[in-house]
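Here is how the chains run, residue by residue.
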Amino acid sequence: MIFTTGSTVAVQSVVHFASSFHSPGLTHPYKKPSLFTTCCSSFSKKVGTESSNMCVYIPNKLPDKKYVRVFDTTLRDGEQAPGAALTPPQKLEIARQLAKLRVDIMEVGFPASSEEEFETVKTIAKTVGNEMDEETGYLPVICAVARCKQRDIKAVWEAVKYAKRPTILIFISTSDIHMKYKLKKTGEEVIQMAVSSVRFAKSLGFNEIQFGCEDAGRSEKDFLCKILGEAIKAGATTVNLADTVGINMPQEIGELVSYLKANTPGIDDVVFSIHCHNDLGVATANAIAGVCAGARQVDVTVNGIGERSGNAPLEEVVMALKCGGASTMDGVYTGIDTSQIMATSKMVQEYTGLYVQSHKPIVGANYFAHKSDLNQAGIFKNQGTYSPEDVEVVKSQN
């Protein structure tokens, strides 16, 4: 599979297996909640290649235990960056580019926030959410966010239900300080809000429900185990931990993920997700630490845009997993088409007006510009030493 080292593995059997899921009776997966027929993303069984082979998408299951889903929130959390307002046509174009990038899930907005936002999310669901790649079987999951309020949840359903693969991210604060001063609720009241919200979403028709703990990084571990366990019991298929204020260190994230995976009832029956902010400059490191501890979904934004200091950058997390997944992370990999990274980065920069610094990892103008004679010698002697082709860097720009 992609990003691993060793001998080449034949792909014919995988293609044959995947093709058996092309059934006219399964064009809308929510007719059969137990079986989902989209691709997790294009991925390869050959070292160094990225051919597109279809795989089954099941909300609470992964194609294998090494696969890491990429949950892109550029159009929701990313747009919260100061000055990053996008027009509806720009959002649609970025969503189509994210599909070319092969993100597993794209979170495209907060429908309850305004009528324009609602209509934009619905447009993306009706278009990008139904544009399956006939050759690979890839189809993105379309997600929108809601607080633990029935109004929010209903707005998400009415906006995303037109997609073949709709989902919702329901979130609530779980830290003592947020529950006391922001929500003005007790822990038990917050748990009840979470449970009733997940159940309500399920009653509307959602077969895939993501439940997120806001400010999880400052929450009591045992309380997180309890609320996540109850959310899973109510029907959540993915659970998400957010370092909302970007205060945690990689070791803390790793320990928290490990603890929750060991002590949360039902955790083995869902996908575990991590959402990191970059206030202390360690969002990428935190996301990687979460994956190493067992998280199998990472929330990211293109170029790392987002409120305050931004989110974990998609390009950094993906390329870190690609470069180190096999050697230091027990073989984890994503399905991202890395050849689309530069085009996606440039589009987001142009539309948001948030241009990256020249020394920005992966997508900065200087990333593959080598001043050192030693580095120049290395790249000329062995093109595998550094790989601008992986992200479609135009060599003339270097």
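Here is what the cut-offs are and how they apply
Residues numbered from 1 in each chain as written. Predicted model: local features only at pLDDT ≥ 70, side-chain atom pairs only at ≥ 80, totals over all residues. Heavy atoms only, no water. Core = buried A, V, L, I, M, F, W, Y, C linked by side-chain atoms within 4.5 Å. Buried < 20%, exposed > 50% of the residue type's maximum accessible area, 1.4 Å probe, protein only. Helix = DSSP H or I, 4+ residues; strand = E, 2+ residues; numbered from the N terminus. Contact = heavy atoms within 4.5 Å. Salt bridge = Lys/Arg side-chain N within 4 Å of Asp/Glu carboxyl O. Pairing = 2+ DSSP bridges. Axes fitted to C-alpha atoms, helices over the stretch in contact; angles between N-to-C directions. pLDDT = per-residue confidence, 0-100. Phe/Tyr/Trp six-rings, centres within 6.5 Å; stacked < 30°, edge-to-face > 60°. Lys NZ or Arg CZ within 6 Å of the ring centre and 35° of its normal. Polar contact = N/O pair within 3.5 Å; in protein donor to acceptor, adjacent residues only side chain to side chain. Right-handed = clockwise from strand over helix to strand, strands pointing away.

What follows deals with the nonpolar core. By size, the foremost hydrophobic cluster in this structure holds 91 residues, and its most contacted members are Val 103, Met 106, Ile 168, Phe 211, Ile 227, Leu 241 and Val 298. With 8 residues, helix H7 (residues 221-234) is the single largest residue contributor to this core. Not counting residues within four places of it along the chain, the set of residues in contact with Ile 168 comprises Cys 143, Ala 144, Ala 146, Ile 153, Val 156, Ala 201, Phe 206, Glu 208, Ile 209 and Gln 210. Counting 7 residues, the second-largest nonpolar core is a separate cluster that includes Ile 105, Val 141, Cys 143 and Val 145.

For the rest of this paragraph, the subject is the pattern of salt bridges. Tallied over the entire structure, the rule returns 18 salt bridges. Among the ionic pairs, Arg 102 bridges to Asp 133, the shortest N-O distance being 2.5 Å. Of the two residues, Arg 102 sits in the loop between helix H2 (88-101) and strand E2 (105-107) while Asp 133 sits in the loop between helix H3 (115-126) and strand E3 (141-147), which places them 31 residues apart along the sequence. Under the relative-accessibility criterion, Asp 133 is labelled partly exposed at 24%. One salt bridge in this structure joins Asp 152 and Arg 147, with 2.6 Å as the shortest N-O distance.

With that settled, the discussion passes to unusual backbone geometry. Look at Lys 184: it is not a glycine, yet its phi comes out positive at around 55°. Here Lys 184 is to be found in the loop between helix H5 (176-183) and helix H6 (187-204). Notably, Arg 308 is not glycine yet its phi reads approximately 55°, a positive angle. Mapped onto the secondary structure, Arg 308 falls in the loop between strand E8 (297-300) and helix H10 (314-328). Using a relative accessible area of 43% as the deciding quantity, one classes Arg 308 as partly exposed.

Below, the discussion takes up the sheet that holds E2. Around the barrel, which closes on itself, the 8 strands sit in the order E1-E2-E3-E4-E5-E6-E7-E8 with parallel pairing between neighbours. Pairwise comparison of adjacent strand axes, ignoring direction, gives a mean angle of 25° for this sheet. Across 6 bridges, strand E6 (residues 238-243) lies against strand E7 (residues 271-276) in parallel orientation. What sits directly across from Thr 238, in E7, is Val 271. In the packing of helix H8 (residues 250-263) onto the sheet, contacts are made with E6 and E7, and the angle to E7 comes to roughly 155°.

Attention shifts here to the confidence of the model for the protein chain. Residues with a pLDDT of 70 or more make up 78% of the protein chain, whose mean pLDDT is 84. Predicted confidence is poor over residues 394-398, with pLDDT under 50, and the contacts of this stretch with residues over four places away or in other chains come to 7 contacts.

What follows is about the packing of aromatic side chains. Applying the stated rule across the entire model yields 2 aromatic pairs. Relative to Tyr 333, the ring of Tyr 67 has its centre 5.3 Å away and its plane inclined at 80°; by these criteria the two rings are edge-to-face. Placement of Tyr 67 in the loop between helix H1 (12-19) and strand E1 (69-72) and of Tyr 333 in the loop between H10 and helix H11 (341-352) is noted, with a sequence separation of 266 residues between them. Ring plane angle 75° and centroid distance 4.9 Å describe the contact between Trp 157 and Phe 206, whose orientation is recorded as edge-to-face. Linking Trp 157 in helix H4 (residues 150-160) with Phe 206 in the loop between H6 and strand E5 (209-214), this pair joins segments that are 49 residues apart in sequence. Overall, the relative accessible area of 17% leaves Trp 157 in the buried class. For the cation-ring pair, Lys 126 lies above Tyr 162, with the distance from its terminal atom to the ring centre recorded as 4.6 Å. Looking at Lys 221, its charged tip hangs above the ring of Tyr 259, at a distance of 5.3 Å from the centre.

This next bit is on the side chain of Asn 303. When you line up the elements, Asn 303 lands in the loop between E8 and H10. Polar contacts involving the side chain of Asn 303 include one to the side chain of Ser 345, which spans 2.7 Å.

Moving on to the pairing of E1. Of the two faces of E1, both are covered, the one formed by Arg 69 and Phe 71 as well as the one formed by Val 70 and Asp 72. Two elements, E1 and E8, share 4 bridges in a ladder whose sense is parallel. Paired with Asp 72 across the bridge in E8 is Val 300. Note that E1 and E2 share 2 bridges and pair parallel. By the bridge assignment for E2, Asp 72 is matched with Met 106. Between E1 and its parallel partner E2, the chain crosses via H2, and the hand of that crossover is right-handed.

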